[in-house]
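# Structural characterization, general
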Amino acid sequence: MLGAGLIKIRGDKCWLDLTCMDFHYETQPVPNPMAYYLHRSPWWFHRFETLSNHFIELLVPFFLFLGRRMCILHGGLQILFQVILIISGNLSFLNWLTIVPSLACFDDAALGFLFLSGPRGLKYQVLKIQKEDTQGVQPKPRYGCTVRRVVNFSLGILVAWLSVPVIINLLSSRQVMNTSFNPLRIVNTYGAFGSITKDRTEVILQGTTSPNASAPDAVWEDYEFKCKPGDPWRRPCLISPYHYRLDWLMWFAAFQTYEHNDWIIHLAGKLLAGDSETLSLLALNPFEGRAPPRWIRGEHYRYRFSLPSGQHAAQGKWWIRKRIGPYFPPLQLEDLKDYFKTREWPMPELHLDTP
């Protein structure tokens, strides 16, 4: 959490001028329906959200060292923060996993109300053990217990030693985000949204069966992904904690070029071949029951949420999109032979899906 907070104040200046939340809900990797409405919150609410983020990530972690009550408060605030993030976006399993270490902030007394207090209940058994400990009734040490203590102590020393570069990275003005410092990846550094994209762009994959891709009468049909924005009339999805990795990668590809993401050309080749496994990753194949397209192209669009009470929303649109230009030019399967060969990719075989 501390690393995530530090990478923000060292990264995008919008975290310092408190404007990042003006853009986050609309430009996050995979927005959900709640993000559509939260994006239209008043400006002062977005400022409050950004300040709260700094408080949770930069100050609250130190509550761990300020005694039992502050430690419990830390756990409660961190879990609340993660629940809010889960509600407001599809950030896969990230927030759910972050809740897990926060559970260690609650001791037996704090969690006692969750358990039965009868003679056969777990709470009764724990209280009995604690009472025996205070009266000096100690079980005879066993060999296994001694071994476990030695292992725990050794593991603690190992983790502390491996954490040295992590701490140095946190203190560095050139902090690196999401990096491992040892081959076994036992101790790592994390951070999210060090910079915020201000405009949402999407790559829309389109196919046509026209013999000539440049013909004015060529009909281009859109492929739809399972969750990422595409059809402006489709409601944003709700998938957390599940993770559609391809949709996530398409978000990254949209603010780069296909030269930086050659895998997207690989994807186009699979679609041109009508590969069934690849098509299973999509929500809509416009050529289902027909032969695969002769051409596929990538179109670059700018997306923004429609106004909930506006004209486009009245038409059923969740998104308003405007074409920026081509992302990659029309491609045929034959055009990709050399491209696949130089990258040592197997050339996909054409699958004719005819009724």
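Structural data are supplied above this passage.
First things first, this report covers the structure right here in the doc. (Residues numbered from 1 in each chain as written. Predicted model: local features only at pLDDT ≥ 70, side-chain atom pairs only at ≥ 80, totals over all residues. Heavy atoms only, no water.)

### Looking at the environment of Leu73
Applied cut-off: Where helices and strands are cited, they refer to DSSP runs of H or I of at least four residues and of E of at least two residues respectively, numbered from the N terminus.
Position of Leu73 relative to the elements: it lies in helix α5 (residues 68–88). When the C-alpha atoms of Leu73 and Phe63 are compared, they prove to be 7.6 Å apart, with 10 residues separating the residues in sequence.

### Notes on the environment of Pro241
Note the threshold: For the exposure calls, accessible area comes from a 1.4 Å probe over protein chains only, and a residue counts as buried if that area is under 20% of its type's maximum, exposed if over 50%, partly exposed in between. Residues are treated as being in contact if the distance between any of their heavy atoms lies within 4.5 Å.
Relative to the helices and strands, Pro241 is located in the loop between β5 (224–225) and α11 (245–254). On the basis of relative accessible area, Pro241 is assigned to the partly exposed category, the value being 39%. Excluding anything up to four places from it in sequence, Pro241 contacts Ser92, Phe93 and Trp96.

### Overview of the pattern of salt bridges
The condition that has to hold: Here, a salt bridge means any Lys or Arg side-chain nitrogen found within 4 Å of an Asp or Glu carboxyl oxygen.
Counted under the stated rule, the structure contains 12 salt bridges. As a salt-bridge pair, Arg321 and Asp222 come within 3.4 Å of each other at their nearest N and O atoms. Linking Arg321 in strand β8 (residues 319–331) with Asp222 in strand β4 (residues 221–222), this pair joins segments that are 99 residues apart in sequence. When salt bridges that share partners are traced, they join Arg200, Glu202 and Lys228 into one network.

### So, the sheet that holds strand β7 (residues 295–305)
Remark on secondary structure: sheet strands pair via backbone hydrogen bonds, oriented parallel or antiparallel. Selection rule: Two strands are counted as paired when DSSP detects at least two bridges linking them. Note on geometry: axes are lines fitted to C-alpha atoms, helical ones only across the stretch in contact, with angles between N-to-C directions running from 0 to 180 degrees.
A sheet is described by the order of its strands in space; here four strands give the open sequence β4-β3-β7-β8, paired in antiparallel fashion. The open sheet terminates on both sides in strands that have one partner only, identified here as β4 and β8. Strand direction decides the pairing type here: β7 and β8, joined by nine bridges, are antiparallel. Across the sheet, residue Glu299 finds its bridge partner in β8, namely Pro326. Along the sheet, helix α12 (residues 263–272) contacts β3 (200–208), β7 and β8; its crossing angle with β8, the most-contacted strand, is approximately 80 degrees.

Nothing here speaks to function; it is all geometry.
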